[in-house]
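# Close look at the chain arrangement
The chain contents come next:
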Amino acid sequence: MSVTTLLAISLGAILTNNFIFAQFLGICPFLGVSKKIDTAIGMGAAVTFVMGLASAFAYGVNKILIALDLGYMQTVAFILVIAALVQFVEMFLKKFIPTLYTALGVYLPLITTNCAVLGVALLNVQNNYNFIESVVYGITGGLGFLLAIFLFAAVREQTEFSEHPKAFDGFPIALITGGLIALAFMGFSGLKVW
């Protein structure tokens, strides 16, 4: 494992293979929590935290499953790990950051069903990453999610004050905006680290 490998994994997770704009995973919280920048940053930070921890725990759980010849139970085991981690994050936010807990509302428990979090655990196994690579991919994948939701929330806040046809009010302009940002991220698809 080299620094260039970790850099390639990081840049890939943040830019070229962004979970939102390239792999289309985690769209539900992306669209639901991106109306305000503060809430978007909170959700992005929570997802980043859960993705990093889920990658670490899922790596260990996968090793145990493989040793017990129970590899076919990966998805179920990963879902249980993610659900437990989300419960931990929810209790932490409720206790120490109640304003963010209230602002995230129903979307916080939705991290459990966020397919990006499960996707990172499954992609770590599929890409045959070791422990360090798994954690780096999980954290930087979460940072890519944070970048995407932050940019989208910033643009959505601006579209509320812009002039556009009445038919585009609300969700339609949000979908068009998301599509345009995804096109911008496609510009990174030919990126080579070295």
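Here's a quick rundown of the structure. (Residues numbered from 1 in each chain as written. Predicted model: local features only at pLDDT ≥ 70, side-chain atom pairs only at ≥ 80, totals over all residues. Heavy atoms only, no water.)

We now examine the overall build of the chain. In terms of regular secondary structure, the chain is built from eight helices and zero strands. Going residue by residue from the N terminus, the α and β elements of the chain occur as α-α-α-α-α-α-α-α. Its C-alpha atoms put the chain at 60 × 45 × 25 Å along the principal axes. Going through the 194 residues of the chain one by one, you find that 41% of them count as buried. The long-range share in the chain, meaning contacts at least 24 apart out of those at least 6 apart in sequence, stands at 78%. For the chain, the exposed area adds up to about 10,300 Å²; of that, 70% sits on carbon and sulfur atoms. Charge separation in the chain, taken as the distance between the mean sites of 8 positive and 8 negative side-chain charges, equals 4 Å. (Helix = DSSP H or I, 4+ residues; strand = E, 2+ residues; numbered from the N terminus. Buried < 20%, exposed > 50% of the residue type's maximum accessible area, 1.4 Å probe, protein only. Contact = heavy atoms within 4.5 Å. Areas by Shrake-Rupley, 256 points an atom, 1.4 Å probe, with all protein chains shown as cover. Lys, Arg positive; Asp, Glu negative; His and termini not counted. Charge placed at Lys NZ, Arg CZ, Asp CG, Glu CD.)

Moving on, we come to the packing of helix α1 (residues 3–16) against helix α7 (residues 131–159). Contact geometry of α1 with α7 gives a least axis separation of 7 Å together with a crossing angle of 30°. Relative to α7, the element α1 is oriented roughly parallel. Of the two elements, α1 crosses α7, and the hand of that crossing is right-handed. Here α1 contributes Thr 5, Leu 6, Ile 9, Ser 10, Ala 13, Ile 14 and Leu 15 to the contact with α7, which in turn contributes Ile 132, Glu 133, Val 136, Tyr 137, Thr 140, Gly 141, Leu 143, Gly 144 and Leu 147. (Axes fitted to C-alpha atoms, helices over the stretch in contact; angles between N-to-C directions. Parallel < 35°, antiparallel > 145°, perpendicular 65-115°, else oblique. Left-handed = near helix turned anticlockwise from the far one by under 90°.)

The next point concerns the environment of Leu 183. Secondary-structure assignment places Leu 183 in helix α8 (residues 171–186). Judged by its relative accessible area of 53%, Leu 183 is exposed. When the C-alpha positions of Leu 183 and Lys 166 are compared, they lie 24 Å apart, and in sequence the two are 17 residues distant.

Turning next to the environment of Val 86. Mapped onto the elements of the fold, Val 86 is located in helix α4 (residues 74–96). Residue classification places Val 86 among the buried positions, given a relative accessible area of 1%. Sequence separation between Val 86 and Phe 19 is 67 residues; the distance between their C-alpha atoms is 19 Å. Each residue touching Val 86, except ones within four places of it in the same chain, is listed here: Val 50, Leu 108, Pro 109, Ile 111 and Thr 112.

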